[in-house]
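Structural characterization, general
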Amino acid sequence: MNVKLKTPISSDETANLRIGDIVYISGKIYTARDSAHKRMVEQGSPVDINGAVIFHAGPIIKKSGDKYDMIAVGPTTSTRMNPYEPQILKMGAGLIIGKGGMDKATSEALIHFKKSYLSAVGGCAALYVKSVLKVNSVHWLDLGVPEAIWELEVKEFGPLIVTMDSTGGNLYDEVKKRDYS
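Anyway, here's the lowdown on the structure attached to this text. Bear in mind the structure is a predicted one, so any value in this text is a computation, not a measurement.

1. Quick look at the nonpolar core
In terms of nonpolar packing, the biggest core is built from 29 residues, with Val23, Ile25, Val73, Ile97, Phe157 and Leu160 touching the most fellow members. Contributing elements (two or more residues each) for this core: strand S1 (2-6), strand S2 (22-31), strand S3 (53-55), strand S5 (67-72), strand S6 (95-98), helix H5 (125-129), strand S8 (132-139) and strand S9 (149-164). Top contributing element to this core by residue count: S9, with six residues. If we skip the residues at most four places from it in the chain, isoleucine 97 touches Ile25, Val53, Ile54, Phe55, His56, Tyr117, Leu118, Ala120, Phe157 and Leu160.

2. Things to note about the environment of lysine 134
Tracing the sequence through the fold places lysine 134 in strand S8. As for lysine 134 and threonine 163, which are separated by 29 residues in sequence, their C-alpha atoms are 27 Å apart. With sequence-adjacent residues up to four places away left out, lysine 134 is seen in contact with Glu151, Leu152 and Glu153.

3. Focus: helix H4 (residues 104-113)
Among the residues of H4, Thr106, Ser107, Ala109 and Leu110 are the ones counted as buried. Buried residues along H4 cover an arc of 160° about the axis, so they all sit on one side. Turned more than 90 degrees off the buried face of H4, the exposed positions are Lys104 and His112. On the buried face of H4, the contacting elements are helix H3 (85-90), strand S7 (116-119) and S9. Trailing H4 by a residue or two, lysine 114 shows a phi angle of about 60°, which is positive.

4. With respect to the pairing of S6
Residues Leu95 and Ile97 of S6 are buried on one face, and the alternating residues Ile96 and Gly98, pointing to the opposite face, are buried as well. In terms of strand pairing, S3 meets S6 through three bridges, oriented parallel. Bridge assignment links phenylalanine 55 to a residue of S6, and that residue is isoleucine 97. Two strands pair when backbone bridges link them, and S6 and S7 are joined in this way by four bridges, in the parallel orientation. By the bridge assignment for S7, leucine 95 is matched with serine 116.

5. With respect to the side chain of histidine 37
Within the secondary structure layout, histidine 37 lies in helix H2 (residues 34-43). A residue is classified by how much of its surface remains accessible, and histidine 37, at 0% relative accessible area, is buried. A distance of 3.1 Å separates the side chain of histidine 37 from the side chain of glutamate 85, its partner in a polar contact. Setting aside residues no more than four positions away along its own chain, histidine 37 makes contact with Ala32, Ile54, His56, Met81, Tyr84, Glu85 and Ile88.

The rules behind these values
Residues numbered from 1 in each chain as written. Predicted model: local features only at pLDDT ≥ 70, side-chain atom pairs only at ≥ 80, totals over all residues. Heavy atoms only, no water. Core = buried A, V, L, I, M, F, W, Y, C linked by side-chain atoms within 4.5 Å. Buried < 20%, exposed > 50% of the residue type's maximum accessible area, 1.4 Å probe, protein only. Helix = DSSP H or I, 4+ residues; strand = E, 2+ residues; numbered from the N terminus. Contact = heavy atoms within 4.5 Å. Arc of directions from axis to C-beta. Pairing = 2+ DSSP bridges. Polar contact = N/O pair within 3.5 Å; in protein donor to acceptor, adjacent residues only side chain to side chain.

So this is what it looks like as C-alpha cells:
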C-alpha cells in the first residue's frame, strides 16, 4: 500500500503502517547520526522531536552566504544508532528512516510506542535530494556537517519502505524465513 504522511506524525498514523508499505513524507524531517543521537539522549534535543521524522543520514551540504543547499542526502547504516534509538522513540520521535534494519531493543520500542522504521534505498542520495525543498536550519554543527542535525522541508520524500512496524513485523525476518530450496 502507498501511504502519504505529513509531519508531525501521530501514533495513530504509525500504528497503521505495516511492513512492505511504501511511504512518502511531506513536511519537516531531521537528519541525525550517531553523534547527534548520543547528544540528544545525554543533553536533550535542540528541536521538538514529538512526532518528528528522524533520518539516519549524513548529507552533502553547500554553503552559499548564510544559506545552506542540500547537494545529496542518502541513508546511513542504522545499526550505529541502536544504543540510542529506544530512548529517541521514548522522547517522541514519530518515524525513523535509515538503512539496514535495527536491533531487538529498537523493535520492542517500536512496538511499545506504536512507531515504525522505514528503509531508504542506499545509493539514491541524488533521488532523495529532489524531494528536499529547503534546509530550514542546522543544529550542533560543531559535530561536523554529516553529524549535525539538519532540519529539512520536504515534499513527498521517498519512496521509503516500512521494514519494522508497531506489531513486531520485520521485513528482514520475513526474508530470513523463506525457504529457497
